Amino acid sequence: MGIVLVNGVEVEVADDERLNGIQAAARAGVEIPRYCWHPGLSVVASCRMCLVETGTRNAETGAISMMPKLVPACQTPAKAGTVFVTESETVKKARAMVEEDLLIDHPIDCPICDKAGECYLQDYHFEHGQKERRADIRPFTSRRRDLGPTVTLFVDRCVMCSRCVRFGREVAGTSELLVINRGSDEEIDVLPGFPLENKLSGNVVDLCPVGALGDKDFLYQQRVWFMKRHKQVCTHCATGCSIWTEENQDHVYRVRPRENPHVNQWWMCDIGRYGFHHVHDAARLVGAERRDGDQYAAIEFSEAIADLGPRFDAQAKQGRLAAVLSPFLTVEEAFLLAHWIRSRDADALMAVGPVPVEGEDERFKSGFTIRAERCPNRRGIEAIVRHPRGELASWEDVHSEAEAGRLSGVWITGGYPKPWVDDAAAAKLAGVPLVVVQDLFASPLWEIATYRLPGAAFAEREGSYVNVDHRLQAAEWAVRPPAGARVEGSVYWQLLGLPGMYKSRRVLDDLAATIGYFAPAAALVPETGVQLDASAAEASTAPLLASGS
Amino acid sequence: MAKFEPVLLANIDVPNSFTCAVYESRGGYQALRKAVGPMQPADVTEVVKTSGLRGRGGAGFPTGLKWTFLPKGHPGPIYMCINADESEPGTFNNRILMELDPHQVIEGVILSCYATRATTAYIYLRYEYPLCYERLQLAIDECYAAGYLGKNILGTDFALDIYLHRGAAAYICGEETGLIESLEGKRAWPRIKPPFPAVEGVFHKPTVVNNIETACCVTHIIDRGADWFKSIGVPADPNNPRDAGSYGPKLYCLSGHVNKPGCYEAPLGITLRQLIDEYGGGVWKGRRAKAAIPGGISMGLFTEAEFDTPLDFAGPGRVGCLGLGTAAVVVLDETVSIVDFLHNSCRFFAHESCGQCTPCREGTAWSLRMLNRIKAGKGRLKDLDLLLEIGDSIGIIPGTTICGLADGAAWPIKNAIRKFRSEFEEYIRSTNPAGYAVVDAVPALPVLAHH
Amino acid sequence: MATAERILTDEMVAAIKAYFPRYPTRQAVTLPALHIVNDRLRYVPLQAVVEIAELLELHPAEVQDTLSFYGFFKQDSPHGNTRAWVCRSIACALRGGEETLEYLCEKARVEPGQTTADGRLTLEFAECLGACDFAPCMLAGKTLHKDLTREKCDDFLRSLE
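Cut-offs and rules
- Residues numbered from 1 in each chain as written.
- Chains lettered and ligands numbered in written order.
- Predicted model: local features only at pLDDT ≥ 70, side-chain atom pairs only at ≥ 80, totals over all residues.
- Heavy atoms only, no water.
- Helix = DSSP H or I, 4+ residues; strand = E, 2+ residues; numbered from the N terminus.
- Buried < 20%, exposed > 50% of the residue type's maximum accessible area, 1.4 Å probe, protein only.
- Contact = heavy atoms within 4.5 Å.
- Lys, Arg positive; Asp, Glu negative; His and termini not counted.
- Charge placed at Lys NZ, Arg CZ, Asp CG, Glu CD.
- 1 Å grid on protein atoms, 1.4 Å probe; cavity = no way out; pocket = protein on both sides within 12 Å on 5 of 7 lines; lining within 4 Å.
- Points joined across faces, edges and corners; volume = space filled by probe spheres on them.
- Core = buried A, V, L, I, M, F, W, Y, C linked by side-chain atoms within 4.5 Å.
- Expected span 1.5 Å × (residues − 1).
- Axes fitted to C-alpha atoms, helices over the stretch in contact; angles between N-to-C directions.
- Parallel < 35°, antiparallel > 145°, perpendicular 65-115°, else oblique.
- Left-handed = near helix turned anticlockwise from the far one by under 90°.
- Nonpolar A, V, L, I, M, F, W, Y, C, P; charged D, E, K, R; others polar.
- Pairing = 2+ DSSP bridges.
- Buried area = accessible area lost by both parts, 1.4 Å probe.
- Salt bridge = Lys/Arg side-chain N within 4 Å of Asp/Glu carboxyl O.
- Polar contact = N/O pair within 3.5 Å; in protein donor to acceptor, adjacent residues only side chain to side chain.
- Domains from an automatic or database assignment.
- Phe/Tyr/Trp six-rings, centres within 6.5 Å; stacked < 30°, edge-to-face > 60°.
- Lys NZ or Arg CZ within 6 Å of the ring centre and 35° of its normal.
- pLDDT = per-residue confidence, 0-100.

Draft legend 1. Layout of the overall build of chain A. Check the secondary structure of chain A and you find 14 helices and 26 strands. Its C-alpha atoms give chain A principal-axis dimensions of about 85 × 55 × 40 Å. Sorting the 549 residues of chain A into buried and exposed places 58% on the buried side. When contacts within chain A are restricted to residue pairs at least 6 apart in sequence, long-range pairs at least 24 apart make up 67% of them. For chain A, the distance from the average site of its 60 positive side-chain charges to the average site of its 75 negative ones is 3 Å.

Structure, rendered in structure tokens:
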């Protein structure tokens, strides 16, 4: 353990930590401004905004000797005895110089620039910049240059931090972005015929400290200061990137990665990033319905919930019940539904919904991987399905049971962003007397449902998901579902007659105490998730109850 | 003062001096035979260290000491990069050495590689020297044929390849790590240090970067001995442990408003006035000098009153210049406008700034735009203060930039304005009587290209 | 997408590959490759950049990045039969370098950087050519023209092919 001094404040740095001045200062609660440094990219120390004074403190005498020149904090290791001074007059003057330099040729675009409100140039100008403009006045607005299908460039806003170029070379490995020219004529560009077109493309917009890189999906959609952001987990593949879902008045405008060293570092892929539009798709199902002969009658959710207990009880006497737990459910929702179905039929067939797979796993240069398994929670759902008997039935098993006439009632959960069930599959279930379907979009299954219960999209759910590496992460809900749709968790909560509002944390407490695999989630789940034990996933938790014993 | 008997320029007037045959007939490759085999590499380094040789490329770092920064016992490969990118305005001594005595250069390179255990040397040669390219390649080919390059040099297990690598007209490729980046095939953005090239240079391997003239000095130091080299020039000040002295002969370039522009060899330490009067035939056209660049434009300006300053590593610093640099003197006579001088300088640095770090990229561009506006008759006195602020704040000396180009851009600004302020003020007042006193920011001129 | 017609001839490819053994990385052959193409074609069009990148196992953007840094390689069309660089740095400027460039531009009827209509000459300004002993000077092709005067400029223009 070593002590680093930041403006006289002592900060501890462990022996195996490799921190720079910026990180050490952050520990002391001091923000050193910077443009080009990013923990996920190589250090170039070119913006010169993070210049500080540095020195060493003698371990025995305590005497401090400072270096005569400024150094970039980003390239200065914070080791035992290192001293940083971040607020001296010299440092402040240097920062003001860099800030002024960047503004000299910067277009007057704030009123029309997406980045306003989360722009380093704006923020640092207020905190560290010169009070008035001293360079010749040159009002102009930026040129715009298309870089590819997802990202556009406002050329003249660029501060040449080179983060975007480094990302392409170091993380994505696709290297489409380049710098052209030399000196103050430098610009970012792509080669004609080689656009910025890789599945990690959107990350460069996050990285851009100013409004040079624009996200075409988000461009001009919403001012950032109107949005609130919520901690969620991406549901588009088994990687389960930590994300921020950003909304205003229950409308999601943007999804961005949330830093998680265990899962996605600072990145997310375009599939997840731009995969939120289905939340507000006009084709989303709303309005609970109950089948009446060949017609459907609209009903209140409360009425459906009151109906379903007795109806499932009745069906349990006629045959076997089944539940299809979608890999898009949270583990809490799956646990509640499984519990409710089994309380009516201890022998109920529990199955995992179909697991969508597209292509192969796609690994990028830094190791970031998009999984072929395009759902967030297969492992979590499987663990719940396996409990307590260790049996794991599939969607196809449910079809077989249905076709054999052994199923008398089935509850099917969907919540897939894309079409997931075809006519053939729906036909196999058409003979089951009681079919409850919770889903987002119409499908052949919707057409055979007895009870239609429009369900939630990811942005509306709170709860936990277990990713490909058996890491459990907890999400908050970000927006309320549209009128006429109900989050699955809250439906099950009411079905079970539990008091008050659905709170997933209370379910997770129960889950962690009941199924060994989830035990590490008994304590409050950190923002970056908690690691479950993969070997506990398949362990049976109780001896198999053979039908004969 | 007696004219110094040329050592570095000893061969240049001899017909076919650039051939191996002529070079050897005049004692060439004796040094190589003294060292490769009979001496250990570390001994060669020791001799060069003892000689007090300081790099001739502009920074003046002790050469032998630089060689000792290479990690001991490194498995290799170790690389030598010879900086033949000579682009500092006013400088042309490397050109003369390469055109007219390339074997002197090659012998020095081979000796340097022997000492540092480098197995490959790249000579990074600026594009604008096509005759040098031809002559160097010829010399290299002759050396392979003679067994001075390739495997088993002079019957030892020392092997060396030398390759020429052509640049493409960018000044920053003369910067040590800019050269390395360019050699590696990337844009020549100088690297942050640490790591230093001796530890992690080209291709991430230990690398030494040396100048052409430095390599030539190595040849003569091995040939004639460290003591000989130390007997020439200005000894270190015994009271100053940081003074590394100014030893050996130096090639001084002289150009501008003199009667005999040219490259002259003299012991380190002659004064600027001596160079002009005794070597350069005096200021031209019977005029008086107004100022002179002492060591390439990056070093700043001497006023005429400062011409008696010795041109050694310590002298120019005493009159507020950056240093000796490339010892390239350019003389400005009394008719030259210092405003024009500074405009030419700012234009050069704005054009050559690599653009990587903010203070240099924007500071050099801003200075040029101000000089453009001043020359267009719309200057303000306040511009002088802003220019000085830029000059005082950019560079590796204050620590605000990655490399020394910014310092080179800054010093002409600081020297010109501080030493000739009244001329600037007079120019601004007379060309912009209505607006010279304005302190608020003024509208920019229509965007002028740098060209 | 760049055109399918190959620009690099077999000879150029062989010349580029001859450089491979000199360096431990292919990327280091970038500048030599650019010069090889430029020496023969008098420019380096985008298609050549793509082909060089293929040979050197680089992304085309990386080659273009390097190319554009130097401001040296033309890409839209070849430079003239003679490419003449007139120095404008301090030593030449002190002895009439700027006036020389102006004069040549006027006589050739082009701006710096441009090529004459008949394709014989591209005039460029250069920063210090390292021939300050012969200021004002000009590098035309491989020939250094020293101590330029108006007469020498006229002779030069007359000599162009």
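The structure having been displayed, the exposition proceeds.
Draft legend 2. Here's a closer look at empty space enclosed by the protein. Residue and element names in this part refer to chain A. Inspection of the entire model under this criterion finds nine cavities of 30 Å³ or more. Of the voids in this model, the largest cavity is the one considered here, and its volume is about 150 Å³. Lining the largest cavity are 15 residues, with Glu-118, Val-205, Leu-213, Phe-218 and Arg-254 positioned closest to its centre. Counting residues per element, the ones that place at least two in the lining of the largest cavity are helix H5 (203-207), strand S11 (213-215) and strand S14 (251-257). Element by element, the count of residues in the lining of the largest cavity is highest for S11, at three residues. Taken as a whole, the second largest cavity holds about 100 Å³ of empty space.

Draft legend 3. Seen up close, the nonpolar core. Core analysis: the largest hydrophobic core is formed by 277 residues, its most contacted members being Ile-106 and Ile-162 of chain B. Those residues within four positions of Ile-106 of chain B in sequence are excluded, and the remaining contacts are Tyr-29, Ile-123, Leu-136, Ala-139, Ile-140, Cys-143 and Ile-162 of chain B.

Draft legend 4. Quick look at helix H6 (residues 97-108) of chain C. Residues and elements named next belong to chain C. With 12 residues, H6 should cover 16 Å at 1.5 Å per step; its first-to-last C-alpha distance of 16 Å lies within 8% of that length. For H6, the full list of buried residues reads Gly-97, Thr-100, Leu-101, Tyr-103, Leu-104, Cys-105 and Ala-108. In this structure, the buried residues of H6 make contact with strand S1 (82-87), helix H5 (90-93), strand S2 (121-126), strand S3 (138-140) and helix H7 (150-159). Looking at the residues trailing H6, positive phi occurs at Arg-109, about 60°.

Draft legend 5. How the structure looks around the packing of helix H8 (residues 331-344) of chain A against helix H9 (residues 378-386) of chain A. Residues and elements named next belong to chain A. As a packed pair, H8 and H9 sit with axes 9 Å apart at the nearest point and diverge in direction by 20°. Relative to H9, the element H8 lies roughly parallel. Considering the relative orientation of H8 and H9, their crossing is right-handed. Listed contacts from H9 to Val-331, Ala-334, Phe-335, Ala-338 and Arg-342 of H8 are Gly-380, Ile-381, Ile-384 and Val-385. A class-by-class count of the residues in the contact of H8 with H9 yields seven nonpolar, one polar and one charged.

Draft legend 6. Molecular detail of the sheet that holds S11 of chain A. All names here are of chain A. The strand order across the open sheet built from three strands is S7-S8-S11, with neighbouring strands paired in antiparallel fashion. Two strands close off the open sheet at either side, each with one partner strand: strand S7 (144-146) and S11. The average angle at which neighbouring strand axes cross in this sheet is 30°, direction not considered. Looking at chain direction, strand S8 (residues 151-154) and S11 are connected through three bridges and run antiparallel. Each bridged residue has a counterpart across the sheet, and for Thr-152 the counterpart in S11 is Gly-214.

Draft legend 7. Fine view of the interface of chain B and chain A. Between chain B and chain A, the residue contacts involve 41 residues of the former and 35 residues of the latter. Across the chain B to chain A interface the summed buried area is about 3,100 Å²; carbon plus sulfur atoms make up 50%. Between the two partners, chain B and chain A, sit five salt bridges. With a shortest N-O distance of 2.7 Å, Glu-389 of chain B and Arg-134 of chain A are connected by a salt bridge. Applying the counting criterion to the chain B and chain A interface returns 20 residue pairs in polar contact (both at pLDDT 80 or more). Mapped onto the side of chain B that touches chain A, the elements with two or more residues apiece are helix H13 (338-352), helix H14 (358-378) and helix H15 (381-393) of chain B.

Draft legend 8. How the structure looks around the domain arrangement of chain B. All names here are of chain B. Segmentation of chain B into domains returns domain 1 (20-231), domain 2 (248-333) and domain 3 (338-431). One C-alpha centre belongs to domain 1, the other to domain 3; they are set 34 Å apart. Tallying the contact residues gives 11 residues for domain 1 and eight residues for domain 3. Taken together, domain 1 and domain 3 are joined by zero salt bridges. Our count for the contact surface shared by domain 1 and domain 3 stands at three residue pairs in polar contact (both at pLDDT 80 or more).

Draft legend 9. Region of the structure containing the packing of aromatic side chains. Applying the stated criterion across every chain, the model contains 33 aromatic pairs over all chains. Their ring planes at 80° and their centres at 5.3 Å tell us that Tyr-35 of chain A and Tyr-124 of chain A sit as a pair that is edge-to-face. Remark: Tyr-124 of chain A occurs in helix H3 (residues 120-128) and Tyr-35 of chain A occurs in the loop between helix H1 (21-27) and strand S3 (51-57); sequence separation between them is 89 residues. Given the relative accessible area of 0%, Tyr-35 of chain A is considered buried. Centroid distance Tyr-122 of chain B to Tyr-23 of chain C: 5.2 Å. Interplanar angle 5°. Geometry classified as stacked. Taken as a pair, Tyr-122 of chain B in strand S2 (residues 120-125) and Tyr-23 of chain C in the loop between helix H1 (10-17) and helix H2 (30-41) lie in two separate chains rather than in one. Tyr-23 of chain C matches Tyr-122 of chain B in its accessibility class, with the two residues each being buried. Among the aromatic residues, ring-to-ring pairing joins Tyr-79, Tyr-122, Tyr-163 and Phe-203 of chain B together with Tyr-23 of chain C into one connected group. Its end group placed over the ring of Trp-244 of chain A, Arg-258 of chain A keeps NZ or CZ at 6.0 Å from the ring centre. Above the ring of Trp-284 of chain B, the side-chain terminus of Lys-285 of chain B is found at 4.0 Å from the ring centroid.

Draft legend 10. Fine view of the sheet that holds strand S12 (residues 228-233) of chain A. Residue and element names in this part refer to chain A. Strands sit in the order S12-S13-S14 across an open sheet of three strands; the sheet is antiparallel. Only two strands of the sheet have a single neighbouring strand rather than two, namely S12 and S14. Each strand axis lies, on average, 30° off the axis of its neighbour in the sheet, ignoring direction. Two strands pair when backbone bridges link them, and strand S13 (residues 242-248) and S14 are joined in this way by six bridges, in the antiparallel orientation.

Draft legend 11. Representation of the confidence of the model for chain B. Mean pLDDT over chain B stands at 96; residues scoring 70 or higher make up 98%. Scoring the predicted complex yields pTM 0.96 and, for the interface, ipTM 0.97.

Draft legend 12. The interface of chain B and chain C, seen in detail. Contacts between chain B and chain C engage 58 residues on the former and 39 residues on the latter. Interface area for chain B against chain C, summed over the two sides, is near 3,900 Å², with a carbon-plus-sulfur share of 58%. Counting across the chain B and chain C interface gives four salt bridges. In this structure, Arg-166 of chain B and Asp-39 of chain C form a salt bridge, with 2.9 Å as the shortest nitrogen-oxygen distance. Summed over the shared surface of chain B and chain C, the result is 18 residue pairs in polar contact (both at pLDDT 80 or more). At the level of secondary structure, the elements contributing two or more residues to the side of chain B that touches chain C comprise helix H5 (93-100), S2, helix H7 (130-146), strand S3 (161-166), helix H8 (176-183), strand S7 (249-256), strand S11 (328-333) and H13 of chain B.

Draft legend 13. Summary view of the environment of Gly-76 of chain B. The residue Gly-76 of chain B is located in the loop between helix H4 (63-67) and strand S1 (79-84) in this model. With 75 residues separating them along the chain, Gly-76 of chain B and Lys-151 of chain B place their C-alpha atoms 16 Å apart.

Draft legend 14. Spatial organisation of the packing of H2 of chain C against helix H3 (residues 46-56) of chain C. Residue and element names in this part refer to chain C. Closest axis-to-axis distance for the H2/H3 pair is 11 Å, and the angle between their directions is 140°. Taken together, the axis directions place H2 and H3 in an arrangement best described as oblique. For the pair H2 and H3, the crossing hand works out as right-handed. Between H2, through Thr-30, Ala-33, Leu-34 and Val-37, and H3, the contact on the second element is made entirely by Ala-48, Ile-52 and Leu-56. In the contact of H2 with H3, the residues fall into six nonpolar, one polar and no charged.

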